[in-house]
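Close look at the chain arrangement
What follows is each chain in one-letter form.
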Amino acid sequence: MPFRILAIDGGGIRGIYPAHILKRAQEAFKINFPEHFDLILGTSTGSIIAAALAVDYPIGRIVDLYENEGRRIFQKQPFSVRGFFKSQYGKQHLRKLLEEVFGNRTLSEAKTRLTIPATDISNGRMYVFKSPYLDEFVRDRNVPIVEAVLASCAAPSYFDPQKVGEYLLADGGLWANNPSMVALTEAIGKLRGNLDEIRLFSVGAGLGQKYYNPHNAERRKWGLLRGWGGKKLVETLLNLQSISAQNMAWLILTDKNYLRINFESDGELALDSTDIISWLKSRADQDFTYNANKIKNFLTT
């Protein structure tokens, strides 16, 4: 029996891309996500989707959430100055939406194994929320899903860190924006899975390019705000991690047990570019249609 894993990248508003692809897959192939997948992982915006699927929340409503609420989630706070003096966005509206989706559910109420990467900035370590699918996993069993997702979504300069218990947590994308390697580590190291039996379906949220122009770079003032561009630096680091994890997964796995669906843009793809929501959904629809047979064979055989 294959051990099926679903891993979903971070990417802010670009989460509508993996959400719509998964919606199309469910409609086309009649997939019940918590029954079909033995492990579901999601980082940052991907944690919203992963957690929703793990509790069997309708994926179509998550697509609607991005479409209808994205602009309110990314409504700038006054005097944030691109995240230099304080986070650009408040978490109040995002929290409200997450509470509508998950209510008071805790990680122990996930219907399949659920893993959500975050970053422990108080201790300088990785932090991985896990539903209690092994007896040794006791730390997070009573953590509300809302709190875990808010922590994983707390990208520096975009949202404030999230306090969960005694930990101060930020975006899991700082080290696992593409959680594919977390998935493999968990499946092989903790669950003692056989590499040949793993089926890893990885869905990205797009990769931007051309964040920095080399023209006259030597004359530029390379301060955090002006030269590095604050959030541009964050987005560049998230992209690099996604590409790194993708390349490592390709080296470790074969086409038989690894499928990655993603796209690249010719320009920047900011986490908060709400003006491209419709385009992202259209791109997801196009990419699903083009890859439908490949996805069907991978998920159903």
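For the structure, see preceding data.
Report on the accompanying structure. As the structure is a prediction and not an experimental result, all values here were calculated from the model.

**Structural notes on the nonpolar core**
Among the nonpolar cores identified, the biggest contains 74 residues, and Leu-6, Leu-22, Ile-62, Phe-129 and Phe-201 are the most heavily contacted of them. Counting residues per element, this core draws most heavily on helix α10 (residues 277-300), at eight residues. In this structure, Leu-6 is in contact with Leu-22, Phe-33, Phe-37, Leu-39, Ile-40, Leu-41, Leu-53, Phe-201 and Val-203, ignoring residues within four places of it in sequence. Counting 20 residues, the second-largest nonpolar core is a separate cluster that includes Leu-39, Val-182, Ile-198 and Tyr-258.

**Here's the deal with the pairing of strand β1 (residues 3-8)**
Here β1 lies mainly inside the structure; six of its six residues are buried. Every second residue of β1 is oriented toward a common face, with Phe-3, Ile-5 and Ala-7 on one face and Arg-4, Leu-6 and Ile-8 on the other, all of them buried. Pairing between β1 and strand β7 (residues 198-203): six bridges, direction parallel. Considered in β7, the bridge of Leu-6 is made with Phe-201.

**Side note on the pattern of salt bridges**
Within the structure shown, the criterion is met by ten salt bridges. When the shortest N-O distance is used, the salt bridge between Lys-281 and Glu-67 registers 3.1 Å. Taken as a pair, Lys-281 in helix α10 and Glu-67 in helix α4 (residues 59-73) lie far apart in primary sequence, 214 residues in all. Residue Glu-67 is classed as partly exposed on the basis of its relative accessible area of 28%. Residue Glu-100 pairs with Lys-96 through a salt bridge whose shortest N-O separation is 2.9 Å. Of this pair, Glu-100 and Lys-96 both sit in helix α5 (residues 92-102), separated by four residues, roughly a single helical turn. Within the structure, one salt-bridge network assembled from shared partners comprises Arg-95, Glu-99 and Glu-147.

**Quick word on the environment of Leu-251**
If you trace the backbone, Leu-251 turns up in helix α9 (residues 231-252). A relative accessible area of 74% places Leu-251 in the exposed class. Separated by 17 residues in sequence, Leu-251 and Val-234 have C-alpha atoms that sit 26 Å apart.

**Quick word on unusual backbone geometry**
Here Asp-56, not a glycine, exhibits a phi torsion of approximately 65 degrees, which is positive. Relative to the helices and strands, Asp-56 is located in the loop between α3 (45-54) and α4. For Asp-56, a relative accessible area of 37% corresponds to the partly exposed category. With a phi close to 80 degrees, Ser-157 is a non-glycine residue in the positive phi region. Within the secondary structure layout, Ser-157 lies in the loop between α6 (145-152) and β5 (162-164). On the accessibility criterion, Ser-157 (18% relative accessible area) is buried.

**Looking at the pairing of strand β6 (residues 167-171)**
Note: strand β3 (residues 113-120) against β6, three bridges, orientation antiparallel. The residue of β6 that forms the bridge with Thr-119 is Ala-170. Where β5 hands over to β6, the hairpin turn is made up of two residues, of which Gly-165 adopts a positive phi near 60 degrees.

Conventions we followed
- Residues numbered from 1 in each chain as written.
- Predicted model: local features only at pLDDT ≥ 70, side-chain atom pairs only at ≥ 80, totals over all residues.
- Heavy atoms only, no water.
- Core = buried A, V, L, I, M, F, W, Y, C linked by side-chain atoms within 4.5 Å.
- Buried < 20%, exposed > 50% of the residue type's maximum accessible area, 1.4 Å probe, protein only.
- Helix = DSSP H or I, 4+ residues; strand = E, 2+ residues; numbered from the N terminus.
- Contact = heavy atoms within 4.5 Å.
- Pairing = 2+ DSSP bridges.
- Salt bridge = Lys/Arg side-chain N within 4 Å of Asp/Glu carboxyl O.

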